[in-house]
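# A structural walkthrough
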Amino acid sequence: MNMANFQFSTTPKIISSAGSLMQAIDWLEKNKLNKPMIVTDAGIVSLGLLAPLEERMLQNNKSVYIFDQVQADPSVEIVTQAIDFARNNGIDSVLGIGGGSSLDVAKLVAIQTHNSQTLEAIFGVEVIQSSAACSKLPLILAPTTAGTGSEVTAVAIVTTGNTTKAGIVSEMLYPDIAILDAQLTLSLPSSVTAATGIDAMVHAIEAFTSKIKKNPYSDMLAKQALLLLTKNIETATFSPSDISARQAMLLGACLAGQAFANAPVGAIHALAYPLGGHFHIPHGLSNALVMPHVMRFNATAAADMYAELYTCLQQSGVVFEHLERTDNTRKQTTEQQAEAFITFLFSLVTKLGLPTKLRELGITKADIDTLSIDAMKQTRLLVNNPKEVSLEDAMSIYQQAL
Ligand SMILES: NC(=O)c1ccc[n+]([C@@H]2O[C@H](COP(=O)([O-])OP(=O)(O)OC[C@H]3O[C@@H](n4cnc5c(N)ncnc54)[C@H](O)[C@@H]3O)[C@@H](O)[C@H]2O)c1
Ligand SMILES: [Fe+2]
């Protein structure tokens, strides 16, 4: 185990059980908060996911303020509208309920409603002034996708241009409570379940191989996350109403989130982001498309870590549910185990019915230069990759993914 000096921080309280969203009301009650704002998107509202909560809140004499204008990959404008909504209604607490997009907007509403810095001024790492901690609104986050882990990360990601996103990173962005309630994820379409689940797996894998901040807590969380996610992703995708598979996926995504919040992700994410920026491919799918190719590139530097993760899956019997057992499994070299891990992940993506080639999404050879140049701008992520990535390397990885 890596015993280097490290720091680890996370959301102070996590509630994990189906139906636990209602516990948000008890917490509001206990803390005498009567004007909560729910930050969500219109899709979540129209699915009726908030109706039971709203009803109970009204029974408890809480005013209900719902901001449902969040859109996937939220823009500066949407975040600003949400903050204005909070200020205009004098809200006293924030409940983010939705995918990573809604949770990220909720985090920024909690910080910015009473902060004197502008939104533009807080982009970057730890630039929110310390006085904002005192004025921050109480914040609860309940994910409705099992992917980003935003409920346990100190990050909010905002779309700043046609093809660009920027992050706000501050420990102040951790919520007071994360609620993992699988009832909120039952309505997730299969393709979104699969893609967001792969995103969470990539968080675990990249946290485990993170070059600078790899640490024992993240390692432990990453392994447990990968087990839960690989064991349950097929059931959650193809039997969407299986509540225990859904709860396991939420927990897996949360554990992976805790891992990568402290041991950040690397080149898979760096090469995935330009696919989202230029082709509006959902984040999880972008990761799935480049994952095996980046891992094969990384294998010369990370074979031992990939082999360790693969062994973990073998020992828990996950691998044999997917692949034929070969007689010489036990005699595999580290490199063979690493390759078997990559093959296993690729076959999983295929089984889930996700596209596996960039060309299936309309991307051609002519796009590789632009994608590669953009990927190289993700220096914040590339520094965490176990192997240095050059422009030529990025081009060759995209070529293999075509
Ligand atoms: N803060 C972080 O640490 C972090 C990490 C990774 C990504 N992100 C950000 O998170 C966002 C992506 O989040 P996401 O992948 O969770 O998706 P999302 O929040 O963008 O939602 C995608 C779509 O899924 C729908 N949806 C969500 N839950 C549903 C449910 N239970 N049933 C039916 N439909 C549902 C939404 O209505 C939306 O249309 C991006 O903006 C990304 O940049 C944040
Ligand atoms: Fe991700």
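Attention here is on the structure that accompanies the text. (Residues numbered from 1 in each chain as written. Chains lettered and ligands numbered in written order. Predicted model: local features only at pLDDT ≥ 70, side-chain atom pairs only at ≥ 80, totals over all residues. Heavy atoms only, no water.)

### Notes on the sheet that holds strand 8 (residues 165-169)
The condition that has to hold: Paired strands, as defined in this entry, are two strands with at least two bridges between them according to DSSP. Working definition: helices are DSSP H or I runs of at least four residues, strands are E runs of at least two. Numbering for both runs from the N terminus.
Across the sheet, three strands lie side by side as 5-8-7; this open sheet has mixed pairing. The strands lining the two open edges of the sheet, one partner per strand, are strand 5 (124-125) and strand 7 (155-159). Sheet topology places strand 5 next to strand 8; two bridges connect them, and they run parallel. Directly across from V125, in strand 8, lies its bridge partner V169.

### Observations concerning the site of ligand 1
Just so we agree on the cut-off: Put simply, a residue is near a molecule or strand once any heavy atom of it comes within 4 Å of that molecule or strand. Polar contact criterion, stated in full: a pair of N or O atoms within 3.5 Å, where within protein one must be able to donate a hydrogen and the other to accept it, and residues adjacent in sequence count only if both atoms are side-chain atoms. Working definition of accessibility: Shrake-Rupley area with a 1.4 Å probe, residue cover restricted to the visible protein chains.
Of all residues adjacent to ligand 1, which total 26 residues, the nearest are G100, S101, T144, T145 and T153. L188 places a main-chain nitrogen or oxygen 3.5 Å from a nitrogen atom of ligand 1. A total of 870 Å² of accessible area belongs to ligand 1 in isolation, and the protein chains cover 86% of it. Broken down by secondary-structure element, the contributors of at least two residues to the shell around ligand 1 are helix 5 (100-112) and strand 7. Of the residues forming the shell around ligand 1, the biggest block, four residues, is contributed by helix 5.

### Re the environment of T370
Inspection of the secondary structure puts T370 in helix 14 (residues 368-376). The spacing of T370 and A272 is 98 residues in sequence and 13 Å in space, taken between C-alpha atoms.

### Quick look at the coordination of the iron ion (ligand 2)
Short version of the rule: A donor here means any N, O or S atom no more than 2.8 Å from the metal (3.2 Å for Na, K and Ca); water is not included, so a site may seem to lack partners. Under the classification used here, a metal with four donors is tetrahedral if each angle lies between 85 and 135 degrees, square planar if opposite donors are over 155 degrees apart and the others between 65 and 115, a six-donor metal meeting that same test is octahedral, and anything else is irregular. The classification of residues rests on relative accessible area computed with a 1.4 Å probe and restricted to protein chains. Under 20% of the type maximum is buried, over 50% is exposed, and intermediate values are partly exposed.
Here the iron ion (ligand 2) is held by the protein donor atoms D199 (OD), H203 (NE2), H269 (NE2) and H283 (NE2), which lie 2.1 to 2.2 Å from it. Coordination geometry of the iron ion (ligand 2): the four donor atoms subtend angles of 87 to 165° at the metal centre, consistent with an arrangement described as irregular. All donors of the iron ion (ligand 2) belong to a single chain; written as a sequence motif, their spacing is D-x3-H-x65-H-x13-H. With D199 in helix 7 (residues 190-208) and H269 in helix 10 (residues 267-279), this residue pair connects regions lying 70 residues apart in the sequence. Each of the two residues, D199 as well as H269, counts as buried.

### A few points about the nonpolar core
Note the threshold: In plain words, nonpolar cores are sets of buried Ala, Val, Leu, Ile, Met, Phe, Trp, Tyr and Cys residues tied together by side-chain atoms within 4.5 Å. Any pair of residues with heavy atoms lying within 4.5 Å of one another is described as a contacting pair.
If you look at the biggest cluster of nonpolar residues, it comprises 83 residues, and the most contacted ones within it are I198, L271, M295, F341, L354 and Y398. A per-element tally of this core places helix 11 (residues 283-315) first, with 16 residues. Not counting residues up to four positions away in its chain, the partners in contact with M295 are I205, I268, Y306, F341, I342 and L345. Membership of the second largest hydrophobic core comes to 32 residues, among which are V79, I83, V94 and L119.

### Focus: the pattern of salt bridges
Short version of the rule: Salt bridge, as used here: a side-chain nitrogen of Lys or Arg that lies within 4 Å of a carboxyl oxygen of Asp or Glu.
Overall, the coordinates contain six salt bridges when judged by the stated rule. Two residues, E29 and K62, come together in a salt bridge whose shortest N-O distance is 2.8 Å. Residue E29 is found in helix 1 (residues 23-30), and its partner K62 is found in the loop between helix 3 (51-59) and strand 3 (65-67); the two are separated by 33 residues along the sequence. Notably, a salt bridge pairs K377 with D374, separated by 3.2 Å at the nearest N-O pair.

### A look at the sheet that holds strand 1 (residues 13-16)
We count it as follows: To get an axis, fit a line to the C-alpha atoms, keeping to the stretch in contact for a helix; angles then go from 0 to 180 degrees between the N-to-C directions.
Taking strand neighbours across the sheet as the criterion, the six strands line up as 1-9-6-4-2-3 in an open arrangement whose pairing is parallel. On the outer flanks of this sheet lie strand 1 and strand 3, each paired with one strand and no other. The mean inter-strand angle of the sheet, taken between neighbouring strand axes irrespective of direction, is 20°. Relative to strand 3, strand 2 (residues 36-39) runs parallel, the two sharing three bridges. Note that in strand 3 the partner of V39 across the bridge is F67.

### As for the side chain of T193
Along the chain, T193 turns up in helix 7. In this structure T193 comes out as buried when scored by relative accessible area, which is 3%. Within the structure, T193 has its side chain in polar contact with the side chain of R246 (distance 3.0 Å). Apart from the residues lying within four places of it in its own chain, the contact partners of T193 are L188, A236, T237 and R246.

### A word on the environment of P292
Mapped onto the secondary structure, P292 falls in helix 11. Residue class for P292 comes out buried when judged on its relative accessible area of 4%. Distance in space between the C-alpha atoms of P292 and E339 is 9.6 Å, their sequence separation being 47 residues. Leave out the neighbours within four places in its chain, and P292 touches I342 and F346.

### Section: the packing of helix 8 (residues 216-238) against helix 13 (residues 334-351)
We apply this condition: Under this scheme an angle from 65 to 115 degrees is roughly perpendicular, one under 35 degrees roughly parallel, and one over 145 degrees roughly antiparallel; angles in between are oblique. Here a crossing is taken to be left-handed if its near helix is turned anticlockwise relative to the far helix by less than a right angle, and right-handed if that turn runs clockwise.
Look at helix 8 against helix 13: their axes get within 11 Å of each other, and the N-to-C directions meet at 20°. The orientation of helix 8 with respect to helix 13, classified from their angle, is roughly parallel. In the packing of helix 8 onto helix 13, the handedness of the crossing is left-handed. Contacts between helix 8 and helix 13 involve L226, T230, I233, E234 and F238 from the former and F341, F344, L348 and K351 from the latter.

### Some thoughts on the packing of aromatic side chains
For the record, the criterion: A pair of Phe, Tyr and Trp rings is counted when the ring centres sit within 6.5 Å of each other, with Trp represented by its six-membered ring. The angle between the planes then sorts it: under 30 degrees is stacked, over 60 is edge-to-face, the rest tilted. Charge over a ring is defined by NZ of Lys or CZ of Arg lying within 6 Å of the ring centre and within 35 degrees of the ring normal.
Tallied over the entire structure, the rule returns five aromatic pairs. With a centroid separation of 6.1 Å and an interplanar angle of 45°, the aromatic rings of Y306 and F341 are classed as tilted. Of this pair, Y306 sits in helix 11 while F341 sits in helix 13, and the two are 35 residues apart along the sequence. Accessibility assignment for this pair places Y306 and F341 in one class, buried. Taken together, a centroid distance of 6.4 Å and an interplanar angle of 55° make the contact between Y310 and F341 tilted. You can see Y310 sitting in helix 11 and its partner F341 sitting in helix 13, a full 31 residues away along the chain. Judged by relative accessible area, which is 0%, F341 ranks as buried. We note K214 situated over the ring of F208; from NZ or CZ to the ring centre the distance is 3.6 Å. Taking NZ or CZ as reference, K387 lies 4.1 Å from the ring centre of F297, over its face.

Just geometry here; none of it tells us what the structure is for.
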